[in-house]
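# Descriptive analysis of the structure
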Amino acid sequence: MATKIRLQRGGRKGYAFYSIVIADVRAPRDGKFTEKIGTYNPNTNPATVDLNFDRALYWVETGAQPTDTVRNILSREGVYLMKHLRGGVKKGAFDEAAAQQKFDAWKATKVKGADAIREKEAQAKKAAYAKELEAEKKINETIAKKVAEKKAAEEAAKAAEAAAETAPAEEAPAEA
């Protein structure tokens, strides 16, 4: 039986969410599968992957063929690096502790990079919000100035009207 590691689509229309599954080659995409080893959510930035690392490594070493997308996911998660390091251990190039140390160092840099991306995105959101708020304040100030000018013009017009009404009334008795 030829096995594949592939994605099984879920989620609603326009918002895909995938399960990473081990399935027979002949089974349909969303059909029967042997084992579920994780999930993949491409809707977040960066994409969220929840993977059972040990089972993924087992299936890759057993010979299950991943699809292109799953191969990229497994590579980013370090499954292929661990497979490579285990091959070095089998050949005697280094021991298991050295392989684990190399993997941990790689994983630490990977996590640091992901955290930097999240931090940068959060700062960009914060800056955009501050810029938007500043623009809104400027618009509100201009509107307030226009309203104040309009009120001042109305007050001046009312004062002029009142002055015009009172002036002829005073002149009329003086004429008579």
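This text gives an overview of the structure that appears in the document.

Before going further, it helps to examine the pattern of salt bridges. According to the stated counting rule, one finds seven salt bridges in the structure shown. A salt bridge links E35 to R55; the shortest N-O distance between them is 2.8 Å. Taken as a pair, E35 in strand β3 (residues 35-41) and R55 in helix α1 (residues 53-62) lie far apart in primary sequence, 20 residues in all.

This part is about the environment of K125. Structurally, K125 is set in helix α4 (residues 96-175). Look at K125 and you get exposed, because its relative accessible area is 61%. Between the alpha carbons of K125 and D68 there is a distance of 33 Å; along the sequence they are 57 residues apart.

Per the stated rule, a full pass over the model turns up four aromatic pairs. Seen in terms of ring centroids, F53 and F103 are 5.4 Å apart; in terms of plane orientation they differ by 45°. Their pairing is tilted. Here F103 lies in helix α4 and F53 lies in helix α1, a separation of 50 residues in the sequence. Three or more aromatic residues joined by ring pairs form one cluster here, namely F53, F103 and W106. For the cation-ring pair, K102 lies above F94, with the distance from its terminal atom to the ring centre recorded as 4.2 Å.

Counted residue by residue, β3 has six buried out of seven residues, so it is predominantly covered. Examined bridge by bridge, β3 and strand β4 (residues 48-51) share four bridges and lie antiparallel to one another. Bridged to Y40 within β4 is V49.

A few words on the environment of T67. Following the sequence through the fold, T67 ends up in the loop between β5 (65-66) and α2 (68-77). By relative accessible area, which is 25% here, T67 ends up partly exposed. The spacing of T67 and A2 is 65 residues in sequence and 13 Å in space, taken between C-alpha atoms.

A rise of 1.5 Å per residue sets the reference length of helix α3 (residues 79-91), with its 13 residues, at 18 Å; its end C-alpha atoms lie 19 Å apart and thus fit the reference within 8%. For α3, the full list of buried residues reads V79, M82, L85 and G88. Just downstream of α3 lies G92, where phi reads positive at about 90°.

Mapped onto the elements, D24 comes out in strand β2 (residues 15-24). What makes D24 buried here is its relative accessible area of 16%. Within the structure, the side chain of D24 is placed 2.8 Å from the side chain of R26, a separation counted as a polar contact.

Rules used in this analysis
In this numbering scheme, every chain counts its residues from 1 along its sequence in written order. For a predicted model such as this one, the threshold for reporting local features is a pLDDT of at least 70, and the threshold for listing and counting side-chain atom pairs is 80 or more; totals across whole chains, interfaces and linings nevertheless cover every residue. Excluding hydrogens and water, the side-chain values take into account all heavy atoms of the structure. In what follows, salt bridge is the name for a side-chain nitrogen of Lys or Arg lying within 4 Å of a carboxyl oxygen of Asp or Glu. Secondary structure is summarised from DSSP: a helix means a run of H or I of at least four residues, a strand means a run of E of at least two, and numbering begins at the N terminus for each. The buried label applies to any residue whose accessible area, calculated with a 1.4 Å probe on protein chains only, is under 20% of its type's maximum; exposed applies above 50%, and partly exposed to all values in between. Aromatic pairing here means that ring centres of Phe, Tyr or Trp (its six-membered ring) are within 6.5 Å. Orientation follows from the plane angle: under 30 degrees is stacked, over 60 is edge-to-face, and everything else is tilted. The criterion for a charge sitting over a ring is simple: Lys NZ or Arg CZ within 6 Å of the ring centre, and within 35 degrees of the ring normal. Between any two strands, at least two bridges found by DSSP are needed for them to pair. What a helix is expected to span follows from its residue count: subtract one and scale by 1.5 Å. Residues adjacent in sequence count toward polar contacts only when both atoms are side-chain atoms; beyond that, a polar contact is any pair of N or O atoms within 3.5 Å, and within protein one must be able to donate a hydrogen and the other to accept it.

Shape descriptors only; they carry no functional weight alone.
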